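The lines below spell out each chain.
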Amino acid sequence: MSEFVDRLAARANEEGLVDIAYAAVDTPLGTGLVAATPKGLVRLALPNERIEEVLARLAEEVSPRVLEFPARLDEARRELDEYFEGRRDRFELPLDWRLSHPGFYRRVLRATARVPFGEVITYGEAAQRAGNPRAFRAAGTALGSNPIPIVVPCHRVIRAGGEIGNYGGGPEMKRFLLRLEGAV
Amino acid sequence: MAHALPPFQAFLDEHLEPVGAFLRGMVGPNDAEDCLQETFLAALRAYPRAEPRNLRAWILTIARRKAIDHHRSRAGRAKPVAEPQELIDRQAGRVRSDSAAGALGMSTRHSEIWAAVAELPPSQRAAVVLRFAVDLRYRDVGEALGTSEEAARQSVHEALKKLRASAQQLKEMAR
């Protein structure tokens, strides 16, 4: 039946009926998921997230036309593979920001997206770059709700005291990423 | 939200097999796959407007329309012979007093039954296939056909009567 489903997905894609294409993605800490709209990468789920819940929320918040269609995520998966192998220090993927709240939260994420590989900033600095230096707590919340972690590198934002702080993908994932980038 | 639409992929994974069984019974194994593609593509087109409360009845209604379209487009040509071996095997695997073959007093391996099923009027054929190949209860057969439980029961009853008659004819022909 899987051949049948592949053919169905390809035809649906040709007809422009796949509002969200998704695929599994391997990370050194387990299997995650990447999902894209025609505009770009909209969601990256880390291995500690429950896939059914992630897909159910995408169906509710973006469109129920959600299909597994890895072909549309080849580029994202290739760049992530290269990143995890230490052969890539920036992503060149089109992004769809629609799952982040417009306003301060999205500005925090966009500012974070410009922090280069191997560097870190504090929550206060992230808040400042988003235009509100005193809102470091809100900056933490914004980063905690990052729909596209790793590609929007919220792991590069740490506490002022030098502790790495919270991470949606779990502290061991944050430590792993910062080590991979040589930042700790 | 209590009744949000599931992601289409989950919907597809859940309904692919029963809808496939339904279409094999309706149009025969050779054409079932094309009909199945058309059914789920049509479903995907309309999916955002689907009523989440009864997606099974919804997809079976689409499948039934595709089967009818299929028969119309082939009207001038030879009739397909429905012989969904898989279904026959499934029936053979568990003895049920109310299975189509059992009700006809025939061995479940008689594929002639399925040829006879293909000769039934579309609504009766759909009712019989939903009841015995997809294994739905009468209430759900009715829902999928847009009729009452009682009407579904009646359709199946009428269909079985015709099938019994064909079985009798077959027996006589074999003498």
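Residues numbered from 1 in each chain as written. Chains lettered and ligands numbered in written order. Predicted model: local features only at pLDDT ≥ 70, side-chain atom pairs only at ≥ 80, totals over all residues.

A short note on the overall build of chain B
Check the secondary structure of chain B and you find 9 helices and 0 strands. Out of the 175 residues belonging to chain B, those deemed buried represent 41%. A separation threshold of at least 6 residues defines the contact pool for chain B, and within that pool the share at least 24 residues apart is 66%. (Helix = DSSP H or I, 4+ residues; strand = E, 2+ residues; numbered from the N terminus. Buried ≥ 20, exposed ≤ 12 C-beta atoms within 10 Å, placed from the backbone. Contact = placed C-beta atoms within 7 Å.)

Points about the overall build of chain A
Of the regular secondary structure elements, chain A holds 7 helices and 6 strands. Put simply, chain A runs from its N terminus to its C terminus through helices and strands in the order α-β-β-β-α-β-α-α-β-α-α-β-α. Expected size for 184 residues packed as a compact globule is a radius of gyration near 16 Å; at 17 Å, chain A falls within 12% of this value. When the backbone C-alpha atoms are referred to their principal axes, chain A occupies close to 55 × 35 × 25 Å. Relative to its full complement of 184 residues, chain A shows a buried share of 38%. The contacts of chain A with a sequence gap of at least 6 include a subset with a gap of at least 24, amounting to 58%. (Rg over C-alpha atoms; globule rule 2.2 N^0.38 Å.)

Things to note about the sheet that holds strand E2 (residues 30–37) of chain A
Residues and elements named next belong to chain A. Pairing is mixed in the open sheet, where 4 strands are placed in the order E3-E2-E1-E4. The sheet is open, and its two borders are formed by strand E3 (40–45) and strand E4 (66–68), each paired with just one other strand. Across the sheet, the axes of successive neighbouring strands diverge by a mean angle of 30°, strand direction being ignored. Here strand E1 (residues 20–27) runs beside E2; their pairing, made up of 7 bridges, is antiparallel. For Tyr-22, the partnering residue across the bridge sits in E2 and is Ala-35. (Pairing = 2+ DSSP bridges. Axes fitted to C-alpha atoms, helices over the stretch in contact; angles between N-to-C directions.)

Considering the interface of chain A and chain B
Counting residues at the interface gives 19 residues for chain A and 18 residues for chain B. Mapped onto the side of chain A that touches chain B, the elements with two or more residues apiece are helix H1 (2–14), helix H2 (51–61) and E4 of chain A. Broken down by class, the residue content of the side of chain A that touches chain B amounts to 13 nonpolar, 1 polar and 5 charged. (Nonpolar A, V, L, I, M, F, W, Y, C, P; charged D, E, K, R; others polar.)

Comments concerning the confidence of the model for chain B
Residues and elements named next belong to chain B. Averaged over all residues, the pLDDT of chain B equals 82, while 78% of them reach at least 70. Low pLDDT, under 50, characterises residues 78–99; the stretch is placed with 42 contacts to residues that sit more than four places away or in other chains. Counting interchain partners and residues more than four positions distant, the pLDDT-below-50 stretch residues 101–109 has 22 contacts. Reported confidence for the predicted complex is 0.92 by ipTM and 0.84 by pTM. (pLDDT = per-residue confidence, 0-100.)

So, the nonpolar core
Counting residues in each nonpolar core, the largest one holds 93 residues, and the members touching the most others are Val34(A), Phe22(B), Leu23(B), Val129(B) and Leu130(B). Among the domains, domain 1 (2–84) and domain 2 (104–180) of chain A are the pair contributing at least three residues each to this core. Setting aside residues no more than four positions away along its own chain, Leu130(B) makes contact with Phe22(B), Leu60(B), Leu136(B), Val141(B) and Ala144(B). (Core = buried A, V, L, I, M, F, W, Y, C linked by C-beta atoms within 7 Å. Domains from an automatic or database assignment.)

A few points about the domain arrangement of chain A
The figure often quoted for interface size is the accessible area lost as the parts come together. Residue and element names in this part refer to chain A. Annotation of chain A at the domain level lists domain 1 (2–84) and domain 2 (104–180). The centre of domain 1, based on its C-alpha atoms, is set 24 Å off from the matching centre of domain 2. Domain 1 puts 8 residues into the contact, and the matching count from domain 2 is 10 residues. Residue composition of the side of domain 1 that touches domain 2, grouped by class: 6 nonpolar, 1 polar and 1 charged.

Let's talk about the packing of helix H7 (residues 122–133) of chain B against helix H8 (residues 138–145) of chain B
All names here are of chain B. Two elements in contact, H7 and H8, have axes whose closest approach is 9 Å; the angle formed by their N-to-C orientations is 140°. In terms of their interaxial angle, H7 and H8 are classed as oblique. Crossing handedness for the pair H7 and H8: right-handed. Where H7 abuts H8, its residues Ser-123, Ala-126, Ala-127, Leu-130 and Arg-131 lie against Val-141, Ala-144 and Leu-145. When its residues are assigned to classes, the contact of H7 with H8 shows 6 nonpolar, 1 polar and 1 charged. (Parallel < 35°, antiparallel > 145°, perpendicular 65-115°, else oblique. Left-handed = near helix turned anticlockwise from the far one by under 90°.)

A few points about helix H4 (residues 104–113) of chain A
The α-helix winds at 3.6 residues per turn, so residues separated by three or four positions along the chain end up facing the same way. Residue and element names in this part refer to chain A. Residues of H4 that are buried: Val-108, Leu-109, Ala-111 and Thr-112. Summarising the axial view, the buried residues of H4 lie within an arc of 160°, below the 170-degree limit, and thus occupy one face. Along its buried surface, H4 packs onto helix H5 (123–129), helix H6 (136–144) and strand E6 (157–158). (Arc of directions from axis to C-beta.)

A look at the pairing of E2(A)
Residues and elements named next belong to chain A. Within E2, 6 of the 8 residues are buried, which leaves it mostly tucked inside the rest of the structure. Hairpin connection, E1 to E2: the antiparallel pair is bridged by 2 residues. Sheet topology note: the E2/E3 ladder contains 5 bridges and is antiparallel. Within E3, the position partnered with Ala-35 by the bridge is Arg-43.

Here's the deal with the packing of helix H2 (residues 29–46) of chain B against helix H3 (residues 55–73) of chain B
Between two packed helices, what matters for the description is the angle formed by their axes and the separation of those axes. Residue and element names in this part refer to chain B. Axis separation between H2 and H3 bottoms out at 9 Å; the angle between their running directions is 130°. Judged by the angle between their axes, H2 and H3 are oblique. Our pair here, H2 against H3, has a crossing hand that is right-handed. Along its contact with H2, which presents Asp-31, Cys-35, Glu-38, Thr-39, Ala-42 and Ala-43, the element H3 presents Ile-59, Ile-62, Ala-63, Lys-66, Ala-67 and His-70. By residue class, the composition of the contact of H2 with H3 is 7 nonpolar, 2 polar and 3 charged.

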